[in-house]
Amino acid sequence: MIERWTQMLATLREQFTPDADIVELERFLASEGLDRQEIGEVLSLYFADTEDVASGPRPARPVGTASLRVQGPHERGRFTAEAWGYLVTLYESRVVSWFDFEQLVERALFHIDGRIGLPEIRALADEAGLDAAALSADRSLLH
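Quick caveat, the model's predicted, so the values are computed rather than measured. (Residues numbered from 1 in each chain as written. Predicted model: local features only at pLDDT ≥ 70, side-chain atom pairs only at ≥ 80, totals over all residues. Heavy atoms only, no water.)

A few words now on helix 5 (residues 81-92). Over its 12 residues, helix 5 extends 16 Å from the first C-alpha to the last, a length consistent with the 16 Å expected when each residue adds 1.5 Å. Residues of helix 5 that are buried: A83, W84, Y86, L87, L90 and Y91. End-on, the buried residues of helix 5 take up no more than an arc of 155°, which puts them together on one face. In this structure, the buried side of helix 5 is in contact with helix 4 (73-76), helix 6 (98-111) and helix 7 (118-127). Looking one or two residues beyond helix 5, the residue adopting positive phi is R94, at roughly 65°. (Helix = DSSP H or I, 4+ residues; strand = E, 2+ residues; numbered from the N terminus. Expected span 1.5 Å × (residues − 1). Buried < 20%, exposed > 50% of the residue type's maximum accessible area, 1.4 Å probe, protein only. Arc of directions from axis to C-beta. Contact = heavy atoms within 4.5 Å.)

Here it is in structure tokens:
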């Protein structure tokens, strides 16, 4: 871990509680001049540390918040409906955290040329060690 991250983690621990809203943490890190990738790295380290200390695992997203992830303009034409639906299902079923969801999206956009389909997303999730088997047996398609 680089020295800058060590200092940033110490600052986060001083200013925020382990159950702090992730949006507040992201805003703080952005105000400190970190880009999106750096914010992801720091938050990953921060939550890994707090998870080790906490009595139980932290929720994949803050409790009581509802959010809807909408595709950005650079994502809109790249993902098939099935691929995007699979990603959202992984997140909503709490198989993946918000950070893991975003990492899957970024990896797909970076590593796959052209249209991104369901087989490509499943392969990326499998490579990342995400347990797609944790989804329920009912894989009905919602439109």
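There's plenty left to go through after this.
Here helix 1 (residues 3-15) crosses helix 2 (residues 22-31) at 135°, and the two axes come no closer than 12 Å. In terms of orientation, helix 1 and helix 2 fall into the oblique class. Two packed elements cross with a definite hand, and for helix 1 against helix 2 that hand is right-handed. Counting all contacts with helix 1, which are made through M8, T11, L12 and Q15, the residues of helix 2 involved are L25, F28 and L29. When its residues are assigned to classes, the contact of helix 1 with helix 2 shows 5 nonpolar, 2 polar and no charged. (Axes fitted to C-alpha atoms, helices over the stretch in contact; angles between N-to-C directions. Parallel < 35°, antiparallel > 145°, perpendicular 65-115°, else oblique. Left-handed = near helix turned anticlockwise from the far one by under 90°. Nonpolar A, V, L, I, M, F, W, Y, C, P; charged D, E, K, R; others polar.)

Attention now goes to the confidence of the model for the protein. Any residue range with low pLDDT should be treated as having predicted coordinates unsuitable for detailed reading. In the predicted model, the protein carries a mean pLDDT of 76, and the fraction of residues at 70 or more is 74%. The spread of mean pLDDT over the elements of the protein runs between helix 3 (residues 36-53), the lowest at 69, and helix 7, the highest at 90. Note that residues 57-61 has pLDDT below 50 and, in this model, 11 contacts with residues that lie over four places away or in other chains. (pLDDT = per-residue confidence, 0-100.)

Summed over the entire model, instances satisfying the criterion amount to 6 aromatic pairs. Where F79 meets W84, the ring centres are 5.2 Å apart and the plane angle is 65°; that geometry is what we call edge-to-face. No difference in accessibility class separates F79 from W84, as the two residues are buried. Centroid distance Y91 to F101: 5.8 Å. Interplanar angle 50°. Geometry classified as tilted. Of the two residues, Y91 sits in helix 5 while F101 sits in helix 6, which places them 10 residues apart along the sequence. Assessed through its relative accessible area of 5%, Y91 is described here as buried. What makes F101 buried here is its relative accessible area of 1%. (Phe/Tyr/Trp six-rings, centres within 6.5 Å; stacked < 30°, edge-to-face > 60°.)

Ranked by internal contacts, the top residues of the largest apolar core, which has 19 residues, are F79, L87 and I121. Of all elements in the fold, only helix 5, helix 6 and helix 7 reach the threshold of two or more residues within this core. In terms of residue count, the dominant contributor to this core is helix 5 (6 residues). Look past the residues within four positions of I121 in its chain and what remains in contact with it is F79, A83, Y86, L87, A108 and I116. Of all hydrophobic cores here, the second largest spans 15 residues; its members include L9, F16, A20 and L25. (Core = buried A, V, L, I, M, F, W, Y, C linked by side-chain atoms within 4.5 Å.)

Moving on to the environment of R115. By the secondary structure assignment, R115 is in the loop between helix 6 and helix 7. Taking the C-alpha atoms as reference points, R115 and T80, separated by 35 residues in sequence, lie 6.9 Å from one another. If we skip the residues at most four places from it in the chain, R115 touches R76, G77, R78, F79 and T80. Reaching out from R115, the side chain makes a polar contact with the backbone oxygen of G77 at a distance of 2.8 Å. A distance of 3.2 Å separates a polar atom in the side chain of R115 from the backbone oxygen of F79. (Polar contact = N/O pair within 3.5 Å; in protein donor to acceptor, adjacent residues only side chain to side chain.)

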